[in-house]
Amino acid sequence: MVTQFIIEKGLPYEEGARIEVSKRQIVLGRVSHTEKPDIIFESKFISRKHCLLSVNETSITLTDLNSKHGTLINKQQAVAGQPIELNANDRIILAQGAAVLRLAIRQELNDETLDLSHTAFDFPQLSPCQKKIKLDIARRQCLVNNTKIPLSPKEWQLLLLLYANSNQTVYHDKIRCNVWPERNISGGEIPTVGLDEINLLIYRLRHKLGVYGSLIKNIRGVGCVLEL
């Protein structure tokens, strides 16, 4: 079973970084003079040997190694010394959010954001030049007039969310839940994300889409809509 972990939060990794699982035993933790884990984070809230991943042909289990600040699997608290079997898309939260990883299986990597039956779709032609925006989910790419537009993981996630709900208002809370799931570490329903942060992300996405950015309409104090 080929798997990867996608880093959603945790220095020194950039958001969206992928780590291939290539060993049977993988320790997550913080480096020290005596310990060098396989996946190393900088936060001092993470224990030197925080948790252990055990990998075989059919499953992956996580065992908390009596870490000081604990490990969550989604919203479930891991009990030290007791293995928990992981499933695709499970989120591993170390030390109350000091680091967040998501498990991705090979099948998921081709369509990891939305459960869509196709791998690419087109916006309608909108200008005399008949330019198009194309989203290739398999490669996580956005192309404008066949030119690749670099998007951050958050920008990509927002664009997919808006397309899936095109011509409908996407409320701020739905954006929070879909674009910032790693912020929901307290067991509440809505991640803590301010309007300024949401509006900045919308602004950046509109700017990168160029003339097509005007398709994204802000609904003041409510959310936004992608008009197709």
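To keep things clear, this report deals only with the structure shown in the data block. (Residues numbered from 1 in each chain as written. Predicted model: local features only at pLDDT ≥ 70, side-chain atom pairs only at ≥ 80, totals over all residues. Heavy atoms only, no water.)

### Some points on the pattern of salt bridges
Point 1. Across all of its chains, the model carries 6 salt bridges by this definition.
Point 2. Between E155 and K208 there is a salt bridge whose closest N-O contact spans 2.7 Å. In this pair, E155 is assigned in helix α2 (residues 153-164) and K208 in helix α4 (residues 195-208), connecting sequence segments 53 residues apart.
Point 3. Across the pair D173 and R176 runs a salt bridge whose closest N-O atoms are separated by 2.7 Å. Taken together, the residues D173 and R176, both in helix α3 (residues 172-179) and 3 residues apart, mark about one turn of the helix.
Point 4. Take D173: its relative accessible area is 38%, and that puts it in the partly exposed class.
Point 5. A network of salt bridges, in which partner residues are shared, links E8, R91 and R102. (Salt bridge = Lys/Arg side-chain N within 4 Å of Asp/Glu carboxyl O. Helix = DSSP H or I, 4+ residues; strand = E, 2+ residues; numbered from the N terminus. Buried < 20%, exposed > 50% of the residue type's maximum accessible area, 1.4 Å probe, protein only.)

### Some remarks on the sheet that holds strand β18 (residues 223-226)
Point 1. Pairing within the open sheet is antiparallel, and its 3 strands lie in the order β16-β18-β17. Either end of the sheet is taken by a strand with one partner, and the two such strands are β16 (170-171) and β17 (216-219).
Point 2. Note that β16 and β18 share 2 bridges and pair antiparallel. Each residue of the ladder has a partner; that of Y171, found in β18, is G223.
Point 3. Together, β16, β17 and β18 form the strand contacts of α2, whose direction differs from that of β18 by roughly 70 degrees.
Point 4. Sitting on the sheet, α4 is in contact with β17 and β18, with an inclination near 160 degrees to β17. (Pairing = 2+ DSSP bridges. Contact = heavy atoms within 4.5 Å. Axes fitted to C-alpha atoms, helices over the stretch in contact; angles between N-to-C directions.)

### Observations concerning the sheet that holds strand β6 (residues 60-64)
Paired through backbone hydrogen bonds, the strands of a sheet run either parallel or antiparallel to each other.
Point 1. The strand order across the open sheet formed by 5 strands is β4-β3-β5-β6-β9, and the pairing between neighbours is mixed. At either end of the open sheet lies a strand with only one pairing partner, and these are β4 (39-41) and β9 (84-85).
Point 2. Taken together, the 2 bridges between β6 and β9 define a ladder with antiparallel strand orientation. Bridging from a neighbouring strand, L62 pairs with I84 of β9.

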